[in-house]
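Letter by letter, the chains look like this.
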Amino acid sequence: MLTKLAQYPTFQVFLALAAAVALVALLTPLFIRLLNHRQIGQQVRADGPAGHLKKQGTPTMGGVVILVVVALVFGVLTYWAAPEATNSSFDKLVNYNLAVRAAVLVLVTTLACGLLGMIDDLEKVAYERSLGLKARAKIIGQVLIALASATAAVNWVHISTKLQLPATRMYLDLGIVTTRFSLWGAAIQLPWLYLAFAVFMIVALSNSVNLTDGLDGLAAGIVMIVMLVFAAIAYAQNSLPVSLLAGAITGACIGFLWYNSHPAEIFMGDTGSLGLGGAVAALAMVTKTELLLPLIGGVFVAEALSVIIQVLVYKRFKKRVFKMAPIHHHFEMLGWSETKVMVRFWIIAGSFVALGFVIFFFQFTRLGS
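Residues numbered from 1 in each chain as written. Predicted model: local features only at pLDDT ≥ 70, side-chain atom pairs only at ≥ 80, totals over all residues. Heavy atoms only, no water.

A.B. asks: Describe the packing of helix 6 (residues 218-236) against helix 8 (residues 269-286), with residues and values.
C.D. replies: One can describe the packing of helix 6 onto helix 8 by two numbers: an axis separation of 11 Å at closest approach and a directional angle of 20 degrees. Judged on the interaxial angle alone, helix 8 and helix 6 are roughly parallel. Where helix 6 crosses over helix 8, the two elements pack in a sense that is left-handed. Here helix 6 contributes Val-223, Val-226, Met-227 and Phe-230 to the contact with helix 8, which in turn contributes Leu-276, Ala-279, Val-280, Leu-283 and Ala-284. Looking at the contact of helix 6 with helix 8 residue by residue, the class counts come to nine nonpolar, no polar and no charged. (Axes fitted to C-alpha atoms, helices over the stretch in contact; angles between N-to-C directions. Helix = DSSP H or I, 4+ residues; strand = E, 2+ residues; numbered from the N terminus. Parallel < 35°, antiparallel > 145°, perpendicular 65-115°, else oblique. Left-handed = near helix turned anticlockwise from the far one by under 90°. Contact = heavy atoms within 4.5 Å. Nonpolar A, V, L, I, M, F, W, Y, C, P; charged D, E, K, R; others polar.)

A.B. asks: Would you mind going over the packing of aromatic side chains in detail, with residue names and values included?
C.D. replies: Taken as a whole and assessed by the stated rule, the structure comprises six aromatic pairs. Here a set of aromatic residues connected by ring pairs shows up, and it is made of Phe-357, Phe-360, Phe-361 and Phe-364. For Arg-344, the ring lying beneath its charged end belongs to Trp-336, and the centroid distance is 4.7 Å. (Phe/Tyr/Trp six-rings, centres within 6.5 Å; stacked < 30°, edge-to-face > 60°. Lys NZ or Arg CZ within 6 Å of the ring centre and 35° of its normal.)

A.B. asks: Break down the environment of Gly-114 for me, citing the residues and quoting the values.
C.D. replies: Along the polypeptide, Gly-114 turns up in helix 3 (residues 90-127). For the pair Gly-114 and Gly-278, spaced 164 residues apart in sequence, the C-alpha separation works out to 8.2 Å. Setting aside residues no more than four positions away along its own chain, Gly-114 makes contact with Leu-67, Thr-271 and Gly-275.

A.B. asks: Can you break down empty space enclosed by the protein residue by residue, with the values?
C.D. replies: Applying the stated criterion across every chain, the model contains one cavity of 30 Å³ or more. Lining the largest cavity, in full, are Leu-163, Gln-164, Pro-166, Lys-288, Thr-289, Glu-290, Leu-291, Leu-292 and Gln-363. Residue composition of the lining of the largest cavity, by class: four nonpolar, three polar and two charged. (1 Å grid on protein atoms, 1.4 Å probe; cavity = no way out; pocket = protein on both sides within 12 Å on 5 of 7 lines; lining within 4 Å. Points joined across faces, edges and corners; volume = space filled by probe spheres on them.)

A.B. asks: For helix 1 (residues 9-38), give the residues involved together with the corresponding values.
C.D. replies: Over its 30 residues, helix 1 extends 42 Å from the first C-alpha to the last, a length consistent with the 44 Å expected when each residue adds 1.5 Å. The largest bend in helix 1 comes to about 30 degrees, at Thr-28, with the proline Pro-29 one to four residues further on. Within the span of helix 1, buried status applies to Gln-12, Val-13, Ala-16, Leu-17, Ala-20, Val-24, Thr-28, Phe-31, Ile-32 and Leu-35. As for helix 1, its buried residues are in contact with helix 2 (63-81), helix 6 and helix 7 (240-260). Positive backbone phi, approximately 55 degrees, marks Gln-39, located one or two places after helix 1. (Expected span 1.5 Å × (residues − 1). Bend = angle between axes of the 7 residues up to and from the residue. Buried < 20%, exposed > 50% of the residue type's maximum accessible area, 1.4 Å probe, protein only.)

A.B. asks: An account of a nonpolar patch on the surface is needed here, citing residue identities and associated values.
C.D. replies: Taken together, the side chains of Leu-305, Ile-308, Ile-309, Leu-312 and Val-321 define a hydrophobic patch exposed on the protein surface, amounting to about 430 Å² of accessible area. Note on placement: Ile-308 falls in helix 10 (residues 298-317). (Patch = residues over 30% accessible without salt bridge, like charges linked within 9 Å, V, L, I, M, F, W, Y side chains within 5 Å. Areas by Shrake-Rupley, 256 points an atom, 1.4 Å probe, with all protein chains shown as cover. Salt bridge = Lys/Arg side-chain N within 4 Å of Asp/Glu carboxyl O.)

A.B. asks: An account of the nonpolar core is needed here, citing residue identities and associated values.
C.D. replies: Formed by 93 residues in total, the largest nonpolar core has its most connected members in Phe-230, Ile-249 and Met-285. With 14 residues, the top contributor of residues to this core is helix 6. Discounting chain neighbours no more than four positions away, the residues touching Phe-230 are Ala-246, Val-280, Leu-283, Ala-284, Thr-287, Thr-289, Leu-293 and Ile-296. (Core = buried A, V, L, I, M, F, W, Y, C linked by side-chain atoms within 4.5 Å.)

A.B. asks: Residue-level account of the packing of helix 5 (residues 192-212) against helix 10, with values.
C.D. replies: One can describe the packing of helix 5 onto helix 10 by two numbers: an axis separation of 8 Å at closest approach and a directional angle of 85 degrees. Viewed along their axes, helix 5 and helix 10 adopt a mutual orientation that is roughly perpendicular. Two secondary-structure elements touch here, helix 5 through Leu-205, Ser-208, Val-209, Leu-211 and Thr-212 and helix 10 through Phe-300, Glu-303, Ala-304 and Val-307. Looking at the contact of helix 5 with helix 10, its residues break down into six nonpolar, two polar and one charged.

A.B. asks: With reference to specific residues and values, describe helix 4 (residues 135-155).
C.D. replies: Its 21 residues give helix 4 an end-to-end C-alpha distance of 30 Å, which sits within 8% of 30 Å, the value for a rise of 1.5 Å per residue. Listed in full, the buried residues belonging to helix 4 are Lys-138, Gly-141, Gln-142, Ile-145, Ala-146, Ser-149, Ala-150, Thr-151, Ala-153, Val-154 and Asn-155.

A.B. asks: For the pairing of strand 3 (residues 178-183), give the residues involved together with the corresponding values.
C.D. replies: Where strand 3 and strand 4 (residues 186-191) come together, six bridges link them in antiparallel fashion. The residue bridging Thr-178 from the neighbouring strand is Pro-191, located in strand 4. Hairpin connection between strand 3 and strand 4: a loop of two residues separates the two successive antiparallel strands, and Trp-184 in this loop has a positive phi of roughly 55 degrees. (Pairing = 2+ DSSP bridges.)

See the structure below:
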């Protein structure tokens with residue numbers, strides 16, 4: 001039966017989602033026991049909301065389960081669902097292979113960002129502090145991962161360096177300044193403007209999701225919503241492997257939410273938030289929706305902007321715009337419960353995602369994407 005999966009692409013995506021839900025739901029309790037046994041728990045910010053101090057010691061690094069399950073589900077289903085060479089045209093096989101490359105690139109970027117986050121989490125546990133790696137070390141790591149990912153996207157996946165302006169036929173070509181050379185017989189191109197843009201996008205989204213992960217279920221729920229639309233976008237583009245990967249991430253987040261909802265039994269940690277943030281940005285890159293990302297990931301952008309505004313205004317005027325940043329803490333300080341903040345932010349995220357998909361669909365069907 002599994003060898004015939006290529007005939008049912010919609011079923012494959014839902015199977016990826018369902019399999020990821022089940023595996024994460026089954027494995028997370030075992031991981032929680034392991035973390036408790038090893039005394040690996042969350043280090044809570046001393047300057048955060050007072051109500052969060054009770055979360056000190058809650059098992060963290062749940063992102064490990066999410067990322068392992070995503071890699072496993074994607075690998076198995078992509079292998080079994082691949083079209084047979086004897087029954088497929090050459091063009092179809094070429095396109096499928098490029099789609100597999102795109103999905104593998106997203107997965108590797110996700111795992112690399114997750115690994116960096118895991119190092120950060122282990123630093124927090126080892127030294128019993130909430131800061132983990134020094135900011136400079138973390139940024140350098142993120143930049144190197146992003147640069148490698150963007151370079152591979154251009155040279156291995158062959159994505160375009162042109163960005164389509166939302167809801168228009170206009171394109172912004174970021175490949176006008178390109179260095180070309182040969183390396184071990186392979187032609188390499190380095191479009192500097194696009195690489196700079198992609199590095200900024202990946203680093204910014206990775207950190208934005210990390211900032212959003214401050215309430216039980218908040219980051220996992222919003223990533224789940226965002227991944228649903230990326231699964232739909234990739235499916236519309238006939239990029240089934242990318243859609244499978246987005247579906248697997250969606251399912252993994254759903255399964256994780258069973259234990260991460262308030263009051264959380266486990267946190268995803270930087271392992272999860274940095275990894276999932278890298279996944280969101282990399283998916284935007286391979287689906288060529290880079291300029292729609294600020295809308296699709298609107299809540300992540302708002303969270304990051306709230307921190308930037310708070311810091312800049314306080315440094316200049318010694319006044320705070322928000323009671324506490326990131327902005328989800330502002331609403332907590334206004335008296336909203338964690339659950340109310342979480343659900344309302346999910347609703348806002350769903351609205352952003354819906355609008356983003358409408359614009360994508362208009363571009364794709366009417367304007368040509």
